[in-house]
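Summary of structural features
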Amino acid sequence: MQTKGVLFDFSGTLFRSEPVAAWLRAALDARGTAVGPAEFEQCVRRLTAAGALPGGPRPERVPSELAAAWAGRDSSAELHREAYTGLARRAGLPDPALGDALYDRHMSPGAWQPYPDAAEVLRGLRLSGVAVGVVSNIGWDLRPVFRAHGLDELVDAYVLSYEHGVHKPDPRLFRTACTLLGHDPAEVVMVGDDRRADGGAAALGCDVRFVDPLPVAERPDGLRALGLPGADGGTPGGHGS
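Before going into details, it helps to say that this report is about the structure given with it. (Residues numbered from 1 in each chain as written. Predicted model: local features only at pLDDT ≥ 70, side-chain atom pairs only at ≥ 80, totals over all residues. Heavy atoms only, no water.)

Some thoughts on the overall build of the protein
Stated precisely, the cut-off is as follows: Helix numbering and strand numbering both begin at the N terminus, where a helix is a DSSP run of H or I of at least 4 residues and a strand a DSSP run of E of at least 2. Computation of the radius of gyration draws on C-alpha atoms, with the globule rule given as 2.2 Å multiplied by the number of residues to the power 0.38. Per-residue accessibility, obtained with a 1.4 Å probe over protein chains only, is compared with the maximum for each type, and a residue is labelled buried under 20%, exposed over 50%, and partly exposed between these values. For this analysis, residues touch if any pair of their heavy atoms sits within 4.5 Å.
When helices and strands are counted, the protein shows nine helices and seven strands. Over its C-alpha trace the protein gives a radius of gyration of 18 Å, about what one expects of a compact globule, namely 18 Å for 241 residues. With respect to the three principal axes, the spread of C-alpha positions in the protein is 55 × 35 × 25 Å. For the protein, the residues scored as buried account for 50% of the 241 residues in total. Across the protein, contacts joining residues at least 24 apart in sequence account for 68% of those joining residues at least 6 apart.

Considerations on the packing of aromatic side chains
Test applied: Put simply, two rings from Phe, Tyr or Trp (the six-membered ring, in Trp's case) pair if the centres are within 6.5 Å, and we call them stacked under 30 degrees between planes, edge-to-face over 60, tilted for the rest.
Tallied over the entire structure, the rule returns eight aromatic pairs. Judged by centre distance (6.1 Å) and plane angle (40°), the ring pair of W112 and W140 falls under tilted. Separated by 28 residues along the polypeptide, W112 in strand β3 (residues 112–114) and W140 in the loop between β4 (131–136) and α7 (143–148) bring together distant segments of the chain. Here W112 matches W140 in class, with each residue buried. An angle of 75° between the planes, with centres 5.4 Å apart, marks the rings of F146 and Y158 as edge-to-face. In this pair, F146 sits in helix α7 while Y158 sits in strand β5 (residues 157–160), placing the two residues 12 residues apart along the sequence.

Some words on the sheet that holds strand β7 (residues 207–210)
To summarise the sheet geometry, strands pair through backbone hydrogen bonds and adopt either a parallel or an antiparallel arrangement. This is how it is decided: What makes two strands pair is DSSP finding at least two bridges between them. Structural elements are reduced to axes, namely lines fitted to C-alpha atoms, with helices fitted over the stretch in contact, and the angle between N-to-C directions of any two is expressed from 0 to 180 degrees.
With parallel pairing, the five strands of this open sheet are ordered in space as β5-β4-β1-β6-β7. In the strand order of this sheet, the two ends are held by β5 and β7, each with one partner. Recorded for the sheet is a direction-independent mean angle of 20° between the axes of neighbouring strands. As paired strands, strand β6 (residues 188–192) and β7 are joined by four bridges and run parallel to one another. Residue pairing across strands places V189 opposite D207, the latter belonging to β7. Here helix α6 (residues 118–127) sits on the sheet and contacts β1 (5–8) and β4; the angle it forms with β1, its principal contact strand, is near 155°. The sheet contacts of helix α9 (residues 171–181) involve β1, β4, β5 and β6, and relative to β5 the element is tilted by about 165°.

Let's talk about the side chain of E187
Mapping E187 onto the fold places it in the loop between α9 and β6. If we skip the residues at most four places from it in the chain, E187 touches M1, Q2, T3, K4 and G5.

Examining the pattern of salt bridges
Definition in use: Salt bridges, as used here, are contacts in which a Lys or Arg side-chain nitrogen is within 4 Å of a carboxyl oxygen on Asp or Glu.
Per the stated rule, a full pass over the model turns up 16 salt bridges. We note a salt bridge from E65 to R90, for which the minimum N-O separation is 3.0 Å. Taken together, the residues E65 in the loop between α2 (37–50) and α3 (67–71) and R90 in the loop between α4 (77–89) and α5 (98–106) connect sequence positions 25 residues apart. Residue classification places R90 among the partly exposed residues on the basis of a relative accessible area of 44%. Among the salt bridges present, the one from D104 reaches R81, with a minimum N-O distance of 2.8 Å. Residue D104 is located in helix α5, and its partner R81 is located in helix α4; the two are separated by 23 residues in the primary sequence. For R81, a relative accessible area of 28% puts it in the partly exposed group. In this structure, a network of salt bridges that share partners links the residues R81, R89, D100 and D104.

Quick look at the structure:
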C-alpha cells in the first residue's frame, strides 16, 4: 500500500537533547551560579542517576513521593514539571532554584539538536506529497523547537500527549494523528525509537519503523536508512510501504 503519511516521535528520533553536562552548565550560567570543577562533575553524575533531564537517561530509582507524578508525567504539563523538577531537587544541587532553571532550560530550542538527516528526510516527504505528523509523549509545547530549527514548515500536525491527556502506546494518540493527516492508519508509517511506546501504532494497522536514539554525532543517516518516500530526492507520489 502506498505511504500517504508518516508520523515521527520527537526525542531520540528527529531531535536529541543536549548532554546532561551541557544542560547543567547552561542553567548555571543563566542563573550566574558558580561551582568548582569537582562539584560540577558530581552534580552531573547525580542528575544523570536521578534521570532529571527529560529526553535523557531514565532514573535509576523514582522516589515514592514522586511515583504518581512520574506515572502521569506525559499526560499533564503540571505533572511533567513536578516529576522532573522533583528529581532534580533530589540530586543535591548547590542552588535550590536550579530545579526550575534546569526544567526551563530543557524546553528551550537551544537544548535540542536535530539529527543530521532530519531536515533532508522531512523535506523529501514534503516533495513527495506525503503528510507529516509528530506524535510525542511530552509535557510541554515542542513547536517552538521545530520553528527555531526551521523544520516547522515541514510538519502538518502535532499530537502531544499532554494536550490530549493520554500517552503512547495508547492507540488513541496515533488515531488522532492519522485523522489530522487525513489518512487511514494502514497508509501511515510511524517512526520512533521506543518499541513499546511507538510500537503502539501497530495496533491501528500502521507500519512501524525504528531508529536507535544515539547521540546526534553517532547517527548521521538513521532516518534516511528507513527507506521512506522521498529518500531518493522526492519522487512524487511516494513509494509502497
